[in-house]
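Below, each chain spelled out in residue letters.
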Amino acid sequence: MSLGLRLAITAAGAVAVAIGIASGVMYFSVQRSLIQETDAVLADRAAQVRPVAPRVVVGPPPTRTDIPGAKLDVLMQFVDGEGRILRGPMAEIDALPVDQATADVAAGRAPAFFTDVTAGGTRYRVLTVPLQEDLALQVARPLTEVDAILQQLTLTVLGVLVAGVVLAAAVGGLVARASLTPLDRLTRTIEELTRTRDLTRRVESGGHDELGRLAGSFNSLLAALDTSLRSQRQLVADASHELRTPITSVRTNLELLQRGMLEPDERERVLGDVVSELARLSHLVAELIDLAREEEGPPAPAVDVRLDEVARAAVGIAAAEWPGVELSLTAEPTWVKGDPDRIERAIRNLLDNAAKWSPPGGEIEVAVRAGEVAVRDHGPGVSEADAPHVFDRFWRAPNARRMPGSGLGLSIVREVARSHGGTVGVERAEGGGALFRLRFPATAGGLAPAAS
Ligand SMILES: Nc1ncnc2c1ncn2[C@@H]1O[C@H](COP(=O)(O)OP(=O)(O)O)[C@@H](O)[C@H]1O
Ligand SMILES: [Mg+2]
């Protein structure tokens, strides 16, 4: 069942219940007041007869001469203690029904009472009152008019009920359709998107209501997916471009060897080339995988990490790997939230670069405090023109071509910083050399996390 239909049915049901309750209350209150009116008339007429009772008990119905000033618009009947009718109504009916209760009133055993009776096919309202010893008076009025009014009322109420339900269903349907149209549009856009895989499409958001917000978040989702897909495609394009050169070079060298017309020492050189090209290739592939993982990976898990300890471990590894440089570390205890392995990889990439660009025996100073790792070397530094590019994928300074490297190291650092909500930047250090700063949002100013 569609949402629109459900809304229409609910609206119609609610209106039906409301009208039902209202008309029920109205019906019974109208009925009550009509009966009360009738009862008042009957009581009044009975009171008029009481003073003249001894004279009018026997014979034909009383007339104006019998009861001067009385309104004789009711049927009257006198009944004795045995239930015998002493004087009947003499109207279109011979007698009002008499039962034990009537006789009881005449005999003085019971008080006056009202009843509804049917006589001669007509409904009457009857008041039975004790008149004097061994005599009861019954006054009656037909209920025809009251019944007609109530019947008319029932018909009117039913009409209102049907009209109300129909109207409510129609309005409910219209409102549902109007408010569901944007939802429909959203659904259709999503279906079309699923079919075409076109992530550049956007949903018309229109309005600040719930549906507008839904469309808005859907658009944000699309934008995020689009960005991610683009960067993935770009990475694949860049990577295949970068992989092509070393693969071509390996192939050329292997073809040379295949022809087998090389001097032994030349053969050695070509083989050496092939081996180092392949090493470069596998290094490149490993970094590519790292980068892809960083770019696509989920946000860093929020574990409390001792940044200074992680930096210490990275410095230890770099010191063993680069014996030709002097590494020094000044660290204050500082905590950040994130993934220690990924943070360590980022720091190691910075240390590798610093070592690579340091003059022989050059010093590298690493300083850790308040969620920040600063790596400073005494190499050529990064020129102002190059600074905006060093974190780009595959970007390497023109003078870096003769150095081993892929141009991915700093991109990985940037991605690690980004996925931790941090930043990385490069400056020219005072007195020459490069100074890279890797910053993470420090927990509570980089101090110990609250004991948990
Ligand atoms: N410490 C540094 N000193 C001077 N230049 C640097 C330094 N670190 C990085 N660079 C420059 O940034 C470029 C990109 O670095 P990176 O992404 O690590 O790639 P790779 O180290 O593989 O060349 C390097 O090629 C180099 O030109
Ligand atoms: Mg590098």
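The structure reproduced in this document is the subject of the present report.

### Details of the packing of aromatic side chains
Each aromatic ring pair is specified by the distance between its two centres and by the angle formed by the two planes. All chains considered together, the criterion is met by two aromatic pairs. Geometrically, the ring pair formed by Y27 and F28 is edge-to-face, given 5.4 Å between the ring centres and 85° between the ring planes. Arranged with centres 6.1 Å apart and planes meeting at 80°, the rings of F391 and F436 form a pair that is edge-to-face. Here F391 is found in the loop between β10 (372–376) and α9 (409–419), whereas its partner F436 is found in strand β12 (residues 434–439), with 45 residues between them in sequence. For the pair formed by F391 and F436, the shared burial category is buried. Here R306 stacks its cationic end above the ring of W335, 5.0 Å away from the centre of that ring.

### With respect to the site of ligand 1
Near ligand 1 lie 20 residues; those nearest to it are N353, K356, D377, S406 and G407. At a separation of 2.8 Å, a nitrogen atom of ligand 1 approaches a polar side-chain atom of D377. Within the side chain of R396, an N or O atom sits 2.9 Å from an oxygen atom of ligand 1. In the complex, the protein chains occlude 97% of the 530 Å² of accessible area that ligand 1 would expose alone. Going through the elements one at a time, α8 (340–357), α9 and β12 are the ones with two or more residues in the shell around ligand 1. The element best represented in the shell around ligand 1 is α8, accounting for four residues. Along the lines of polarity and charge, the residues of the shell around ligand 1 split into eleven nonpolar, six polar and three charged.

### Some remarks on the sheet that holds strand β2 (residues 85–87)
Across a sheet, strands are paired by hydrogen bonds formed along the backbone, either parallel or antiparallel in direction. Read from one edge to the other, the open sheet built from five strands follows the order β2-β1-β5-β4-β3, with strand pairing classed as antiparallel. The two strands at the open ends of the sheet, each matched to only one other strand, are β2 and β3 (113–119). In this sheet, neighbouring strand axes are inclined to one another by 35° on average, regardless of whether the strands run parallel or antiparallel. Pairing of strand β1 (residues 75–80) with strand β5 (residues 135–142), which is carried by six bridges, proceeds in the antiparallel orientation. Paired with D80 across the bridge in β5 is L135. Sheet contacts for helix α1 (residues 3–49): β1, β3, β4 (122–132) and β5; angle to β4, the most-contacted strand, approximately 35°.

### Topic: the sheet that holds strand β7 (residues 326–331)
The strand order across the open sheet formed by five strands is β7-β9-β10-β12-β11, and the pairing between neighbours is mixed. The strands lining the two open edges of the sheet, one partner per strand, are β7 and β11 (423–428). Each neighbouring strand pair of the sheet contributes to a mean axis angle of 15°, computed without reference to strand direction. Summarising the sheet, strand β9 (residues 363–369) and β10 pair through five bridges and their orientation is antiparallel. Bridge pairing links V368 to V373 in β10. Contacts between helix α7 (residues 307–321) and the sheet are confined to β7, β9 and β10, with β7 contributing the most and set at about 170° to the helix.

### Points about the pattern of salt bridges
One side chain can pair with another of opposite charge once the charged atoms of both are near each other. The full count for this structure, using the stated rule, is 30 salt bridges. In this structure, R45 engages D44 in a salt bridge whose closest nitrogen and oxygen atoms are separated by 2.4 Å. Given a relative accessible area of 35%, D44 falls into the partly exposed group. As a salt-bridge pair, E372 and R437 come within 2.8 Å of each other at their nearest N and O atoms. Taken together, the residues E372 in strand β10 and R437 in strand β12 connect sequence positions 65 residues apart.

### Side note on the packing of helix α5 (residues 210–259) against helix α6 (residues 264–296)
Where α5 meets α6, the axes come as close as 9 Å, and the angle between the chain directions of the two elements is 170°. One element, α5, and the other, α6, form an angle in the roughly antiparallel class. Split by residue class, the contact of α5 with α6 holds 19 nonpolar, five polar and seven charged.

What counts and how
Residues numbered from 1 in each chain as written. Chains lettered and ligands numbered in written order. Predicted model: local features only at pLDDT ≥ 70, side-chain atom pairs only at ≥ 80, totals over all residues. Heavy atoms only, no water. Phe/Tyr/Trp six-rings, centres within 6.5 Å; stacked < 30°, edge-to-face > 60°. Helix = DSSP H or I, 4+ residues; strand = E, 2+ residues; numbered from the N terminus. Buried < 20%, exposed > 50% of the residue type's maximum accessible area, 1.4 Å probe, protein only. Lys NZ or Arg CZ within 6 Å of the ring centre and 35° of its normal. Near = heavy atom within 4 Å. Polar contact = N/O pair within 3.5 Å; in protein donor to acceptor, adjacent residues only side chain to side chain. Areas by Shrake-Rupley, 256 points an atom, 1.4 Å probe, with all protein chains shown as cover. Nonpolar A, V, L, I, M, F, W, Y, C, P; charged D, E, K, R; others polar. Pairing = 2+ DSSP bridges. Axes fitted to C-alpha atoms, helices over the stretch in contact; angles between N-to-C directions. Contact = heavy atoms within 4.5 Å. Salt bridge = Lys/Arg side-chain N within 4 Å of Asp/Glu carboxyl O. Parallel < 35°, antiparallel > 145°, perpendicular 65-115°, else oblique.

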